[in-house]
Amino acid sequence: MEFYEVIHSRRAVRQYRPDPVPKEVLQRILDAANWAPSGMNRQQWYFVVASGEKKKALGASYAKIAERYTTRWDDAERRKQFIEFAQTYGGAPVVIVALTDAAGDPATRKMNLESVSAAFENLLLAACAEGLGSCWMTGPLQDEASLRQILNIPYDKEIVAVTPIGYPAFQPPAPPRLDPELKEKVLWVE
Ligand SMILES: Cc1cc2nc3c(=O)[nH]c(=O)nc-3n(C[C@H](O)[C@H](O)[C@H](O)COP(=O)(O)O)c2cc1C
């Protein structure tokens, strides 16, 4: 896929086919993440690739969050669908959790978060180029303690984001850009 086609066709995918993702494909997208720029070239990103029972446990944790989050939803069918999505991560066979080095100093923490975010976006774009879907998610971090416990993540690492990875059930429509002509978001100065 051509570079700009990847940029424009990457979507937040929330429904997946159950087909497994070959390990070499996962390795390629993780390698793309590993080639991101990083503050002080510390390459301060780490990824946990969860499948099988570990993915199920992550789904159970996210489903509890979804149940709490939707308690006041009137639309019972929508609530059920959201909880089911959470439980299985949309049916994706793999979930990847992105971590960075924990830092008390705000400037270092910012640098670390920016580095892992750059790597995570590389991963999502590479996944798209491989015909895979992904969805950058922070909702599952609402029960950080359970993520730490399930994946045995030590406190010297900050959990930053989660994405399901799998083959999309369909290509979701692109949400329109807020400022497609870039008249408000970009200031050109001379
Ligand atoms: C920092 C961040 C957090 C997000 N958290 C969630 C989330 O918890 N659950 C979810 O379904 N999508 C989440 N998203 C995905 C956005 O909803 C999605 O990117 C946005 O609606 C635009 O759609 P697109 O990615 O297809 O362009 C998150 C995206 C970002 C960048």
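The preceding data block contains the structure.
Remember, it's a predicted structure, so these values are computed and weren't measured experimentally.

(A) Geometry of the site of the ligand. Taken together, Arg-10, Arg-11, Ala-12, Arg-14, Cys-135, Trp-136, Met-137, Thr-138, Gly-139, Pro-175 and Arg-177 make up all the residues around the ligand. In this structure, a nitrogen atom belonging to the ligand sits 3.2 Å away from a main-chain N or O atom of Thr-138. At 2.8 Å from an oxygen atom of the ligand is found a main-chain nitrogen or oxygen belonging to Gly-139. Calculation on the ligand without its partners gives an accessible area of 620 Å², and the protein chains cover 62% of this total.

(B) Focus on the packing of helix α3 (residues 52–69) against helix α6 (residues 144–151). Here α3 crosses α6 at 170°, and the two axes come no closer than 10 Å. Accordingly, the angle class assigned to the pair α3 and α6 is roughly antiparallel. Pair α3 / α6 crosses with right-handed handedness. Where α3 abuts α6, its residues Lys-54, Ala-57, Leu-58 and Ser-61 lie against Ser-146, Leu-147, Ile-150 and Leu-151. Broken down by class, the residue content of the contact of α3 with α6 amounts to 5 nonpolar, 2 polar and 1 charged.

(C) Representation of the packing of aromatic side chains in the model. Summed over all chains, the structure comprises 9 aromatic pairs. Residues Phe-3 and Tyr-4 carry aromatic rings whose centres are separated by 5.2 Å and whose planes lie at 80° to one another, so their mutual orientation is edge-to-face. Tyr-4 shares its class with Phe-3; the two are exposed. Arranged with centres 6.1 Å apart and planes meeting at 65°, the rings of Tyr-69 and Trp-73 form a pair that is edge-to-face.

(D) Looking closely at the side chain of Thr-70. With respect to the helices and strands, the residue Thr-70 is situated in the loop between α3 and α4 (76–88). Residue Thr-70 is classed as buried on the basis of its relative accessible area of 0%. A polar contact of 2.8 Å, which involves the side chain of Thr-70, links it to the side chain of Arg-79. Those residues in contact with Thr-70, other than ones at most four positions away along the chain, are Arg-79, Phe-82 and Ile-83.

Rules and cut-offs
- Residues numbered from 1 in each chain as written.
- Predicted model: local features only at pLDDT ≥ 70, side-chain atom pairs only at ≥ 80, totals over all residues.
- Heavy atoms only, no water.
- Near = heavy atom within 4 Å.
- Polar contact = N/O pair within 3.5 Å; in protein donor to acceptor, adjacent residues only side chain to side chain.
- Areas by Shrake-Rupley, 256 points an atom, 1.4 Å probe, with all protein chains shown as cover.
- Axes fitted to C-alpha atoms, helices over the stretch in contact; angles between N-to-C directions.
- Helix = DSSP H or I, 4+ residues; strand = E, 2+ residues; numbered from the N terminus.
- Parallel < 35°, antiparallel > 145°, perpendicular 65-115°, else oblique.
- Left-handed = near helix turned anticlockwise from the far one by under 90°.
- Contact = heavy atoms within 4.5 Å.
- Nonpolar A, V, L, I, M, F, W, Y, C, P; charged D, E, K, R; others polar.
- Phe/Tyr/Trp six-rings, centres within 6.5 Å; stacked < 30°, edge-to-face > 60°.
- Buried < 20%, exposed > 50% of the residue type's maximum accessible area, 1.4 Å probe, protein only.

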